[in-house]
Amino acid sequence: MNRFILKTYDSSYLDEIIDLFILSVRSTCSKDYSEEQILAWISGVNKNRWDSTFKTNYTLVAFDENKFIGFSDISESGYLNMLYVHPDYQHKGVASLLCDKLEKHVNTKVITVDASITSKPFFLKRGYEVIKEQTVVRQGVELTNYRMGKEKEI
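This report concerns the structure included in the present document.

### Side note on the pattern of salt bridges
At step 1: Tallied over the entire structure, the rule returns nine salt bridges.
At step 2: Where arginine 26 meets glutamate 35, a salt bridge forms, and the shortest distance between an N and an O atom there is 3.3 Å.
At step 3: Judged by its relative accessible area of 38%, arginine 26 is partly exposed.
At step 4: Residue classification places glutamate 35 among the partly exposed residues on the basis of a relative accessible area of 46%.
At step 5: Overlapping salt bridges, with partners in common, bring together Asp100, Glu103, Arg126 and Lys150 in one network.

### Comments concerning unusual backbone geometry
Negative phi is the rule for most residues except glycine; trans is the rule for most peptide bonds.
At step 1: At glutamate 65, a residue that is not glycine, the phi angle is positive and equals roughly 55 degrees.
At step 2: Within the secondary structure, glutamate 65 sits in the loop between β2 (58-64) and β3 (67-74).
At step 3: By relative accessible area, which is 63% here, glutamate 65 ends up exposed.
At step 4: Located in the positive-phi region is histidine 91, a residue other than glycine, with phi close to 65 degrees.

### With respect to the sheet that holds strand β1 (residues 4-8)
At step 1: The seven strands lie next to each other as β1-β2-β3-β4-β5-β7-β6, forming an open sheet whose pairing is mixed. Edge positions in the sheet fall to β1 and β6 (129-138), since each of these pairs with one other strand and no more. Averaged over all pairs of adjacent strands, the angle between strand axes in this sheet comes to 25 degrees, irrespective of strand direction.
At step 2: Summarising the sheet, β6 and strand β7 (residues 141-151) pair through nine bridges and their orientation is antiparallel. What sits directly across from valine 137, in β7, is glutamate 142.
At step 3: Running at roughly 90 degrees to β3, helix α1 (residues 14-28) makes contact with β2, β3 and β4 (79-85) of the sheet.

### Topic: the environment of glutamate 76
At step 1: Mapped onto the secondary structure, glutamate 76 falls in the loop between β3 and β4.
At step 2: Expressed as a C-alpha distance, the spacing of glutamate 76 and arginine 26, which sit 50 residues apart in the sequence, is 29 Å.
At step 3: The residues touching glutamate 76, leaving out its near neighbours within four places in the chain, are His105, Val106 and Thr108.

Rules behind the numbers
- Residues numbered from 1 in each chain as written.
- Predicted model: local features only at pLDDT ≥ 70, side-chain atom pairs only at ≥ 80, totals over all residues.
- Heavy atoms only, no water.
- Salt bridge = Lys/Arg side-chain N within 4 Å of Asp/Glu carboxyl O.
- Buried < 20%, exposed > 50% of the residue type's maximum accessible area, 1.4 Å probe, protein only.
- Helix = DSSP H or I, 4+ residues; strand = E, 2+ residues; numbered from the N terminus.
- Pairing = 2+ DSSP bridges.
- Axes fitted to C-alpha atoms, helices over the stretch in contact; angles between N-to-C directions.
- Contact = heavy atoms within 4.5 Å.

Distances and angles like these do not, on their own, reveal function.
Okay, here's the thing in structure tokens:
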């Protein structure tokens, strides 16, 4: 039985989400991205836009008892927007639990995601395939990611 608890998004979680996002990118992605790239990546935080997106999308937050450990969201069109897990909870099933719930929630044939170099292996294991490699520019800095997709199991 999984000890993790999932809750639907509420704006009161936004500050914890931002803190976890920054921690996760800095800690987990440092083996695949330079410090300059990481700083450009985390500069994209926009509280108002994120809150609006999380309210529009189906957004779940994960807890281990009262500790905030992860979050993810998906649009009604099947675009998996964000997926971040606390570094101490990597490889413990949190990301899979979040994805399982999100993928089942949407009524689309295909799920897509723009996966980082770091998260690409996770999505490959989940049956996603690389559609194309992409270069995203943040603050004038180039970052590589991958548009990936999979057909939803029925």
